[in-house]
Structures are given as C-alpha cells and as structure tokens.
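# Breakdown of the fold
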Amino acid sequence: MSSAVATRRPHVDLSKERAYADLFLPNGPLARSYVRNYVYHYELPNYTPDFLARYFVPVFAQALRDDTIASSNPRAVINHWAYAPIASLGEAAFPFIFERLDQEPFVWLSALPFLVGETAVTPEHRGRTAAMINDWKLWARNHHYLV
Amino acid sequence: MAWHKTSEKSSDYNCIAWALGFDHILLWPEAAFDMEWPFPRPETCSVADFAQLFALFGYERCNTEMYEAGFEKIALYSVTPNSAPEHAARQLQDGRWTSKLGGGGIDGIHDALADFPTEEPYNKSCRLYGGARFFFRRPRGQYPSYEQATMGMPRDAGAPRIISVGFRR
C-alpha cells in the first residue's frame, strides 16, 4: 500500500492563479458566455483578443504588481508567469495597459519595450518616471491605443 | 531585528538610486530597458557594471558589511555570486541600513541586511533578493549630485531597439 504524501508548497501563493481560474467557474463571466454559446451554437466560443484582454489584463496586472513590487530588476517583470499571457494578447492588451500606466508604472515601463518591440522613451528621459510615462502616452495616442 | 517603513510607495526611484542617495531616478544598466545609466549600456548586467557606477560616486569594493567609523557602505544583493544584482542597501551613520524596495515600493530602515517587511505584498518578492554578497564603501562627506557627476558623459545613441518577443515579431 503506497503511502499518500500530502504535497505542500508553503512558499507558493496560489491566490492569483485561483482568481484566474475563477473566471471559468459556473458563475464566472467566461463560463456563462461559454455555456450560452455552446447551447445556442453547439461550438466552442471564439473569444476575441479584445474580449479576453478586458478581463485578463487587470487580473494579470495585479499579479505582476504584487509579485514584483520589491524588485528593482526590470527583468523580474518579463520573467514573471503573468507577463506571458499578456504578451500573448498582443495589441489587444495595449489600451488596457496604457490605462494602467499610472497605477503600476514600473511594471509597464519595464514590459512595454518588450511588448511593443521598440521604445518610445527618448534618451534624455530614461529613468525619469514621469517623463517616460508621458513619452509612452504620446506614443499610444499617436498609434490610437489611447484617446 | 525589524523593518521600519520611512516613506510611501514611489515609482520615481529604485534601490540602486536610493543606495547612492538619489530619489528622482531609476538606475539600471541593461540596454533592453529604458532606465538611466551613465555608461554605455550592456545587454546583460553583472556586479562589475554596478561597481563601475558606484566608483563614479567614490565607492570602492570592501570585504565586509561591518560598520566602520567615517565610511558609508553599500551592500549589493544577488541570488548567486555570478547572477545579476537584485537589490542594494545603504548603511546609515548609526550602523542600520536603509533601502528602497523595488521600482515601485516603499523605503525603510532595517537593523540587519536580511530584515525586510513581513507583510503582503513585500514578503514574497523580498525573498527573491538572495543575499547581500558585495560591499562597497566611501569616506563620509559631500559628493556631487547625479547630474553633476554624470555631466558630459557619453551615452547610447538612443536608436529604437527591436526586441523579438513583442507582437511585432
């Protein structure tokens, strides 16, 4: 008889992952629309990136902010598990990211050059948070991600 | 053995700037990010890059974090001796340490180098600092501001860098 060993990961906080999973619970917003689409169309719902970004960016952004708040190394942001799903949303995530730029500037100022593929920050504004935010907001308006 | 918070959250400066006594700038050497760095920026960073920065402000390497009268010290944290630094702390005149938590956190005073906040959300990410492995010191005194010390230094050209992990692959 094999002895059952209870696996416990005391240093891993699963609350963010649970928040993500809750979206799919029977009372969650995604599960409801999944059931509705399945009943009426008999096919898997095809969520648009914009629809997914509206729900997921705030969830992942909170995880990114809480888990990297004490890190000065900007690479901690792009190495975090919640960065990958935001990057996978691509351009659809940009409006929601630029809306949150003032709330968690270090997270997005670290991630944006990687998400966008170029930087909007001028050399003389490097490291100056307010100026960097202005540069990125100007870029976002010019590319119609921000009104 | 405790951590005492001394300011609210701020995104204007990070631990490296705070270790040098500045509260208006984000300092990080890696070229992929848009942080300030007074030297040509490397692709990946190491302790040598930070030693070069600290030398600009009069710091030299030393062997211990023990308090020495007449000197102020910086401790640099990393997970392994060869990995990129994760945090920095500055020694105060009373022998305690002050550090800023990350690029968006609070700053505070701690009695020992390993004393960090125990409350959410800082307790989790402070574990990622590793340990204080490298120490620097300079005589106490008046030193130039960041702008004075870096005036006229050559910088990167600032051409947009295309990084192949964004949506524009």
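For the structure given in this document, a descriptive report is provided here. (Residues numbered from 1 in each chain as written. Chains lettered and ligands numbered in written order. Predicted model: local features only at pLDDT ≥ 70, side-chain atom pairs only at ≥ 80, totals over all residues. Heavy atoms only, no water.)

On to the overall build of chain A, then. Across its full length, chain A holds eight helices and zero strands. Reading the helices (α) and strands (β) of chain A from amino to carboxyl end gives α-α-α-α-α-α-α-α. Across the 147 residues of chain A, 48% fall into the buried class. Taking all contacts inside chain A whose residues are at least 6 apart in sequence as the whole, residues at least 24 apart take part in 53%. Per element, the accessible surface of chain A, about 8,000 Å² overall, is 55% carbon and sulfur. (Helix = DSSP H or I, 4+ residues; strand = E, 2+ residues; numbered from the N terminus. Buried < 20%, exposed > 50% of the residue type's maximum accessible area, 1.4 Å probe, protein only. Contact = heavy atoms within 4.5 Å. Areas by Shrake-Rupley, 256 points an atom, 1.4 Å probe, with all protein chains shown as cover.)

Opposite the 36 residues of chain A that make contact, chain B presents 44 residues. Between chain A and chain B lies a buried interface of about 3,500 Å² when both sides are counted; carbon and sulfur atoms form 54% of it. Across the chain A-chain B interface, the total number found is four salt bridges. Residue R75(A) is joined to E30(B) by a salt bridge in which the shortest nitrogen-to-oxygen separation is 2.6 Å. Counting only elements with at least two residues in the side of chain A that touches chain B, the list comes to α3 (49–68), α4 (75–78), α7 (105–116) and α8 (129–142) of chain A. (Buried area = accessible area lost by both parts, 1.4 Å probe. Salt bridge = Lys/Arg side-chain N within 4 Å of Asp/Glu carboxyl O.)

Bringing the packing of aromatic side chains into the picture now. Summed over the entire model, instances satisfying the criterion amount to 24 aromatic pairs over all chains. Measuring from centroid to centroid gives 5.6 Å for W136(A) and W139(A), while their planes differ by 75 degrees, and the two rings are edge-to-face. Of this pair, W136(A) and W139(A) both sit in helix α8, three residues apart, which is roughly one turn of that helix. Taken as a pair, W136(A) and W139(A) share a single burial class, namely buried. Through pairs of rings, three or more aromatic residues link up here, namely F94(A), F98(A), W136(A), W139(A) and Y145(A). Note that R137(B) overlies the ring of F71(B), its terminal NZ or CZ placed 4.1 Å from the centroid. Over the ring of Y143(B) we find R138(B), and its NZ or CZ is 3.8 Å from the ring centre. (Phe/Tyr/Trp six-rings, centres within 6.5 Å; stacked < 30°, edge-to-face > 60°. Lys NZ or Arg CZ within 6 Å of the ring centre and 35° of its normal.)

Of the voids in this model, the second largest pocket is the one considered here, and its volume is about 170 Å³. Lining of the second largest pocket is provided by 13 residues; of these, R65(A), Q103(A), E104(A), S11(B) and G104(B) occupy positions nearest its centre. Listed by contribution, the elements that provide at least two residues to the lining of the second largest pocket are α3 and α7 of chain A. By residue number, the principal contributor to the lining of the second largest pocket is α7(A), which donates three residues. Along the lines of polarity and charge, the residues of the lining of the second largest pocket split into four nonpolar, five polar and four charged. (1 Å grid on protein atoms, 1.4 Å probe; cavity = no way out; pocket = protein on both sides within 12 Å on 5 of 7 lines; lining within 4 Å. Points joined across faces, edges and corners; volume = space filled by probe spheres on them. Nonpolar A, V, L, I, M, F, W, Y, C, P; charged D, E, K, R; others polar.)

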